[in-house]
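Residue-level structure breakdown
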Amino acid sequence: MVSANDVQRLFLQGVFSRSILSFKHAQVLWEKCIDAVKAANPTLDIRFSDKREDWDLFVISINNSLNCLDLEFRHLTDELTGREMYAMVNSKDDEIAQMATDYAPVEIAYFKAVVEQIMLAPHEAYSVSSLLALREVNSLKTNMTKAQAEIVLGSFVAKGWLLKSRRGRYSLSTRTLLELLPYLKSSYPEDCLECIICYDIVTRGVACSTPNCKARLHYHCCRKYRSRNAKCPACSQDWPQDPKNMTPVGEQAIKDGQDEGRRVRRKSTEDGSDEEDEEEEDMEVEPSQPSQTQTQSQRKSTSKGKSKQKKLPADMDLDEREDEEDEAPQQTQGNRRRRTTRTR
């Protein structure tokens, strides 16, 4: 028998079939689910409402039903468009939850390595070049090749986990921010910037150009704020009239080639991979250092030998005299033999 609870079931099926959807799309889906249930059972008294309060209550009821599954229907504002986006995410971060994915453990480790480089990008760029992303394969200590990594990166982009710009730079998508927001805040507390207006994480936006000012804003938050105020909400300094003259946050904050070769690790990983890399470099340097010392010692020995050779002419004369003395008895003995043979 069709009941009012079937609205939630139909709605969740529609959400699971999509990776992420906007607020308007979610409301349309909710309305269609209500219409389908009412068509199956006209006796049900279910009405659709476009009020925000009714929608929030519906989301709360969905999350209450999903608590036992460690899932949450979470929302976040898109940094580029300013639209409110919804997605189904795991609310529990453990090994079992990480295994509930289509990717292999090696691919998940590679994804985390790329995310780390994005979060630690210089100049608050929050993006990484394709070349640097492929180089992260070397830090995994696996058999994954760069060709395989390129395919995996394409899969991350196709499934909405990463964004790839026209410049070929990878950045975090809204779906990834929704899914990994607790992980990012706990793992990179100093690198997670918050918007001074909406208090959400900022990976694309603008920054106040005043030195030492920590004001960061999304593009949409900046447009709304500047429509009624032209001063920084943190330092109260006047902002330029054109928002393009403000300091960018995100991909526009870095030029091509500025982040190549920069792979700054976190403290937790510096104790592991980076120190091992330094040890490998030291091991490569150690054989060359003794060779240099050996060459220096050899040079010293040769120089000493040359100095000795310069001082040895007298000694060489003595040796020659000794050799002459040794040859002299031999010659006398030979002469004696010749004389004896002659007398005979």
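Residues numbered from 1 in each chain as written. Predicted model: local features only at pLDDT ≥ 70, side-chain atom pairs only at ≥ 80, totals over all residues. Heavy atoms only, no water.

Of regular secondary structure, the chain possesses 11 helices and 11 strands. Relative to its 344 residues, the chain shows a buried fraction of 35%. Partitioning the contacts of the chain with sequence separation of at least 6, the portion at a separation of at least 24 is 57%. Here the chain has roughly 22100 Å² of accessible surface; of this, 49% comes from carbon and sulfur atoms. (Helix = DSSP H or I, 4+ residues; strand = E, 2+ residues; numbered from the N terminus. Buried < 20%, exposed > 50% of the residue type's maximum accessible area, 1.4 Å probe, protein only. Contact = heavy atoms within 4.5 Å. Areas by Shrake-Rupley, 256 points an atom, 1.4 Å probe, with all protein chains shown as cover.)

Turning our eyes to something else, we now look at the nonpolar core. Counting residues in hydrophobic clusters, the biggest one holds 52 residues, and the most contacted among them are Tyr-110, Leu-153, Phe-156, Leu-162 and Leu-184. Here this core gets 7 residues from one element, more than from any other, and that element is helix α5 (residues 105–119). When neighbours within four sequence positions are excluded, Leu-162 is seen to be in contact with Phe-111, Val-114, Ile-118, Leu-153, Phe-156, Val-157, Tyr-170, Ser-171, Leu-172, Ser-173 and Thr-176. If you look at the next biggest cluster of nonpolar residues, it comprises 22 residues, including Trp-55, Val-59, Ile-62 and Leu-66. (Core = buried A, V, L, I, M, F, W, Y, C linked by side-chain atoms within 4.5 Å.)

To continue, consider the packing of aromatic side chains. Using the criterion set out here, one finds 16 aromatic pairs in the structure. Judged by centre distance (5.5 Å) and plane angle (90°), the ring pair of Trp-55 and Tyr-86 falls under edge-to-face. With Trp-55 in helix α3 (residues 52–66) and Tyr-86 in strand β3 (residues 84–90), this pair connects stretches of sequence that are 31 residues apart. Between Phe-73 and Tyr-86, the aromatic rings sit 5.1 Å apart at their centres with planes inclined by 25°, giving stacked as the arrangement. Here Phe-73 is found in strand β2 (residues 71–77), whereas its partner Tyr-86 is found in strand β3, with 13 residues between them in sequence. (Phe/Tyr/Trp six-rings, centres within 6.5 Å; stacked < 30°, edge-to-face > 60°.)

Structural remark: α-helix, 3.6 residues per turn; residues separated by three or four positions point the same way. In a regular helix each residue adds 1.5 Å, so 14 residues correspond to 20 Å; helix α8 (residues 174–187) covers 18 Å between its end C-alpha atoms and thus fits that length. For α8, every residue scored as buried is listed here: Thr-174, Thr-176, Leu-177, Leu-178, Glu-179, Leu-180, Leu-181, Tyr-183, Leu-184 and Ser-187. The inward-facing, buried residues of α8 contact β2, β3, α5, β5 (162–164), β6 (169–172) and β8 (201–202). (Expected span 1.5 Å × (residues − 1).)

According to the stated counting rule, one finds 9 salt bridges in the structure shown. Across the salt bridge formed by Asp-6 and Arg-9, the nearest N and O atoms sit 2.6 Å from each other. With Asp-6 and Arg-9 both in helix α1 (residues 6–16) and 3 residues apart, this pair spans about one turn of that helix. On the basis of relative accessible area, Asp-6 is assigned to the buried category, the value being 16%. In this structure Arg-9 comes out as partly exposed when scored by relative accessible area, which is 48%. For the salt bridge of Glu-79 with Arg-204, the shortest nitrogen-to-oxygen distance reads 3.0 Å. Taken together, the positions of Glu-79 in the loop between β2 and β3 and Arg-204 in the loop between β8 and β9 (205–207) put the pair 125 residues apart, joining distant regions of the chain. Each member of the salt-bridge network shares a partner with another, and the members are Arg-52, Asp-56 and Glu-84. (Salt bridge = Lys/Arg side-chain N within 4 Å of Asp/Glu carboxyl O.)

Between two packed helices, both the angle of their axes relative to each other and the distance between the axes serve to describe the pair. Two elements in contact, α1 and α3, have axes separated by 11 Å at closest approach and are oriented at 85°. The pairing of α1 with α3 is recorded here as roughly perpendicular in orientation. Contacts from Val-7, Gln-8, Phe-11 and Leu-12 of α1 reach α3 at Trp-55, Phe-58, Ser-61, Ile-62, Ser-65 and Leu-66. For the contact of α1 with α3, a count of residues per class yields 7 nonpolar, 3 polar and no charged. (Axes fitted to C-alpha atoms, helices over the stretch in contact; angles between N-to-C directions. Parallel < 35°, antiparallel > 145°, perpendicular 65-115°, else oblique. Nonpolar A, V, L, I, M, F, W, Y, C, P; charged D, E, K, R; others polar.)

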